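If you want the building blocks of each chain, they are given just below.
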Amino acid sequence: LYKVPVSTNRTDYVLTNDLRGQSAQTIGYNNRMRWHIEQFNREAKQLTGIENCQCRKAPAQRTHIFCAMLVWHKLKQIAYQAYETIYHIKRLPLKKFLIQQLKNDTPSFSW
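Just so it is clear, the model here is predicted, and its values are computed rather than measured.

Student: Can you break down the pairing of strand S1 (residues 2–7) residue by residue, with the values?
Tutor: Examined bridge by bridge, S1 and strand S2 (residues 10–14) share five bridges and lie antiparallel to one another. The residue of S2 that forms the bridge with lysine 3 is tyrosine 13. Taking the residues that link successive antiparallel strands as the turn, the S1-S2 hairpin has two residues.

Student: Go over the packing of helix H1 (residues 24–48) against helix H3 (residues 86–103) with me, naming the residues and quoting the values.
Tutor: The interhelical angle for the contact between H1 and H3, taken along N-to-C directions, is 5 degrees, at an axis separation of 11 Å. One finds that H1 runs roughly parallel with respect to H3. Listed contacts from H3 to Arg42, Glu43, Gln46 and Leu47 of H1 are Ile86, Tyr87 and Lys90. Counted by class, the contact of H1 with H3 contains three nonpolar, one polar and three charged residues.

Student: Mind laying out unusual backbone geometry, listing which residues take part and the relevant values?
Tutor: Trans is the prevailing form of peptide bonds, just as negative phi is the prevailing case for residues other than glycine. Its identity is not glycine, yet tyrosine 83 carries a phi of approximately 55 degrees, on the positive side. Its location among the elements puts tyrosine 83 in the loop between helix H2 (58–82) and H3. For tyrosine 83, a relative accessible area of 77% translates into the label exposed.

Student: Can you lay out a nonpolar patch on the surface for me, pointing to particular residues and giving the numbers?
Tutor: A cluster of nonpolar side chains, Leu94, Phe97, Leu98 and Leu102, forms an exposed patch at the surface whose accessible area comes to about 400 Å². Structurally, leucine 98 is set in helix H3. Judged by relative accessible area, which is 37%, leucine 98 ranks as partly exposed.

Student: Can you explain the state of the cysteines? Please cite residues and give values.
Tutor: Across all of its chains, the model carries zero disulfides by this definition. Cysteine cysteine 55 is unpaired, with the sulfur of cysteine 53 as its nearest cysteine sulfur at 3.6 Å.

Student: Lay out the packing of H1 against H2 with the relevant residues and their values.
Tutor: Across the interface, H1 lies against H2 with an axial gap of 10 Å and an inter-helix angle of 105 degrees. Relative to H2, H1 is oriented roughly perpendicular. Listed contacts from H2 to Gln39, Phe40, Glu43, Ala44, Leu47 and Thr48 of H1 are Ala68, Met69, Val71, Trp72, Leu75 and Lys76. In the contact of H1 with H2, the residues fall into eight nonpolar, two polar and two charged.

Reading the values: the criteria
- Residues numbered from 1 in each chain as written.
- Predicted model: local features only at pLDDT ≥ 70, side-chain atom pairs only at ≥ 80, totals over all residues.
- Heavy atoms only, no water.
- Pairing = 2+ DSSP bridges.
- Helix = DSSP H or I, 4+ residues; strand = E, 2+ residues; numbered from the N terminus.
- Axes fitted to C-alpha atoms, helices over the stretch in contact; angles between N-to-C directions.
- Parallel < 35°, antiparallel > 145°, perpendicular 65-115°, else oblique.
- Contact = heavy atoms within 4.5 Å.
- Nonpolar A, V, L, I, M, F, W, Y, C, P; charged D, E, K, R; others polar.
- Buried < 20%, exposed > 50% of the residue type's maximum accessible area, 1.4 Å probe, protein only.
- Patch = residues over 30% accessible without salt bridge, like charges linked within 9 Å, V, L, I, M, F, W, Y side chains within 5 Å.
- Areas by Shrake-Rupley, 256 points an atom, 1.4 Å probe, with all protein chains shown as cover.
- Salt bridge = Lys/Arg side-chain N within 4 Å of Asp/Glu carboxyl O.
- Disulfide = S-S within 2.5 Å.

Take a look at the structure:
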């Protein structure tokens, strides 16, 4: 059991079965890295469609995953440069399109 100070008014407790005798700072660092990994997985699934691969063969699946990672990386770059969230950047083109269509008297949606 480790006591890890998060901020001046908050302390977390971390329980681990790793018996290597790591310091509380190392445990805190590892927990922060785990959070970044969880955040990456969530963003990759929600924003790139990585789990929607219909391919059956391994090379095609690898290509799909690689393309999804490229998309995530580009979205992250644009979001970082614009000081916005990656979700906002992903939603922006659709928002602009909807505003343009709603300004028209007769929206041109295909059925």
